[in-house]
Amino acid sequence: AFMSASTTPVVKKGYDVEEIRAQFPILKELVHGKPLVYFDNAATSQKPRRVIKAESAYYATINANVHRGVHTLSTKATEAQEAARETIRKHINAEHAHEVIFTSGTTASLNLAAFSLGQLLLKKGDEVLISGMEHHANIVPWQMACERHGAKLKVIPITDSGEWDLKQVPFSEKTRILAISHVSNTLGTINPIKELIAEAKKRSIITVVDGAQAIAHLDIDVQDLGCDLYAFSGHKAYGPTGTGVLYGREELLERMPPWQGGGEMIDVVTFEKTTYAKLPFKFEAGTPHIAGIIGLGEAFRWMEDYGKSAMAAHEHTLLEHATKELLAIDGLRIIGTAKEKVGVISFVIDGVHHYDLGTLLDQQGIAVRTGHHCTQPLMERFGVSGTTRASFACFNTVDEVEVMVAATRKAVKMLR
């Protein structure tokens, strides 16, 4: 469970935000002559020095391909990559390391899931169920799979507070796949995925979770959640861009056909027939982003050193403070007021276009995201063209929130 807005977060003694900030080189940068206030962590988080060093050390001292050579450097590269796989296995409590598939990010993981599960499970008239708050990466691949196999896409409706309407989940005897986000990238809503997965399991429906926004904030235990597949990116969790994971239950991954063909994912190739490699390599065609994967392992070790619950408690303090201060601005409305949220605030202001506000905040050195956040159907649900979104990380401070609120007030005066 996560802290709801009504509870006072307990910040772990010894949580020293200044000590954490000192580990992020980018926070020393100036933007338009002002100290950087980075509130776009839901798009990509900044990287601590340890992660940057781990990635660069691979290129400087190991740089060789994995699982291909008998020479020393190749062995070292393989060991470093597989150590990262084991770190991630433990972090999400997967049963086996070979249930951790490396991809280029959540989008690639979800495309793999949609393509492969489509081949395995979908036929004409079947249904795939998603929710009304999904990122485009958890809508479009399923639409494509439905088009390929003659299936239909069904949608769980969203309430005015930005939560699933659990009274209106359109399960049917034709539902084959449930694909849902753990945390909304636009609203910050933490969804009750465990309950919905349990309901799906009773009906023998395969469950896929988009964990892109959850991985940096929540303790993830895939066995406890009971999901079949769980996807996330490295770059939203203090790791390198171009890295991601698809966790899958061994039994299901064994049945799923490969998504891409090429090197590494084969056992034997002849012109007549190819047999595929064992897990996880069946789904890892080609040379992986080895440096990035090593950096990803380091990012997870770094988060474990500080503890995600301590980080989340700190971010919750920022969320509560920002919510209170922003709501004091005349005409400002927060989109997404769920009881359970991570440190994400999406807001609109009467008479102010989100893009103009984002531009003026940037002039003050403040990085926020504006637009539809790759959730156009959700924007339509709330009747807005886009929002301004501030998303917090473990290195942000209450002072930075104050800077953003003051800059927003100033911008509103200029724009109205």
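Residues numbered from 1 in each chain as written. Predicted model: local features only at pLDDT ≥ 70, side-chain atom pairs only at ≥ 80, totals over all residues. Heavy atoms only, no water.

### Side note on the overall build of the chain
Applicable threshold: Helix and strand assignments follow DSSP, with helices taken as H or I runs no shorter than four residues and strands as E runs no shorter than two, numbered in order from the N terminus. Each residue is placed in one exposure class: buried if its accessible area under a 1.4 Å probe, protein chains only, is under 20% of its type's maximum, exposed if it is over 50%, and partly exposed if it falls in between. Contacts: residue pairs with any heavy atoms within 4.5 Å of one another. With residues, only the protein chains shown are counted as cover, and all accessible areas are computed by Shrake-Rupley using a 1.4 Å probe. Residues scored as positive are Lys and Arg, those scored as negative are Asp and Glu, and His as well as the terminal groups of each chain are ignored. Note on charges: their place is set at NZ of Lys, CZ of Arg, CG of Asp or CD of Glu.
Looking only at helices and strands, the chain has 13 helices and 17 strands in total. Principal axes of the C-alpha set define a box for the chain whose edges measure 70 × 55 × 35 Å. For the chain, with 416 residues in total, the buried portion stands at 57%. Counted over contacts in the chain with a minimum sequence separation of 6, partners at least 24 positions apart contribute 73%. Only carbon and sulfur atoms are counted for the fraction: they give 54% of the accessible area of the chain, which is about 17,600 Å². Positive and negative side-chain charges in the chain, numbering 45 and 48 respectively, have mean positions lying 2 Å apart.

### Brief notes about the confidence of the model for the chain
So the rule is basically this: Every residue gets a pLDDT, meaning the predictor's confidence in that residue, from 0 to 100.
Here the chain averages 95 in pLDDT, and 97% of its residues register 70 or above. Below a pLDDT of 50 lies the segment residues 1-12, which in the model reaches 32 contacts outside its immediate sequence neighbourhood of four places, other chains included.

### Here's the deal with the packing of helix α10 (residues 308-327) against helix α13 (residues 398-415)
What counts is decided by this rule: Axis definition: a line fitted to C-alpha atoms, limited for helices to the stretch in contact. Angles are taken between N-to-C directions and run from 0 to 180 degrees. An angle below 35 degrees is treated as roughly parallel, one above 145 as roughly antiparallel, one from 65 to 115 as roughly perpendicular, and anything else as oblique. Handedness of a crossing is defined here by the sense of rotation of the near helix relative to the far one, left-handed for an anticlockwise turn of less than a right angle and right-handed for a clockwise turn. In the scheme used here, Gly and all other residues not listed as nonpolar or charged are polar, with Ala, Val, Leu, Ile, Met, Phe, Trp, Tyr, Cys and Pro taken as nonpolar and Asp, Glu, Lys and Arg as charged.
In the contact formed by α10 and α13, the axes pass within 10 Å of each other and the chain directions differ by 20°. The pairing of α10 with α13 is recorded here as roughly parallel in orientation. Viewed along their axes, α10 and α13 form a crossing whose handedness is right-handed. Where α10 abuts α13, its residues L318, H321, A322, E325 and L326 lie against V398, V401, E402, M404, V405 and R409. Here the residues of the contact of α10 with α13 are counted per class, giving seven nonpolar, one polar and three charged.

### A short note on the sheet that holds strand β9 (residues 229-233)
Cut-off, in case you're wondering: Two strands are counted as paired when DSSP detects at least two bridges linking them.
Read from one edge of the open sheet, seven strands run β4-β10-β9-β8-β7-β5-β6, paired in mixed fashion. Lying at the two open borders of the sheet, with one neighbouring strand each, are β4 (100-103) and β6 (152-156). The sheet shows a mean angle of 20° between the axes of neighbouring strands, direction not considered. Note: strand β5 (residues 127-131) against β6, five bridges, orientation parallel. Note that in β6 the partner of I130 across the bridge is V155. Across the sheet, helix α4 (residues 106-121) touches β4, β7 (175-181), β8 (206-210), β9 and β10 (244-248), and the angle it forms with β9 is around 155°. In the packing of helix α6 (residues 193-202) onto the sheet, contacts are made with β6, β7 and β8, and the angle to β7 comes to roughly 175°.

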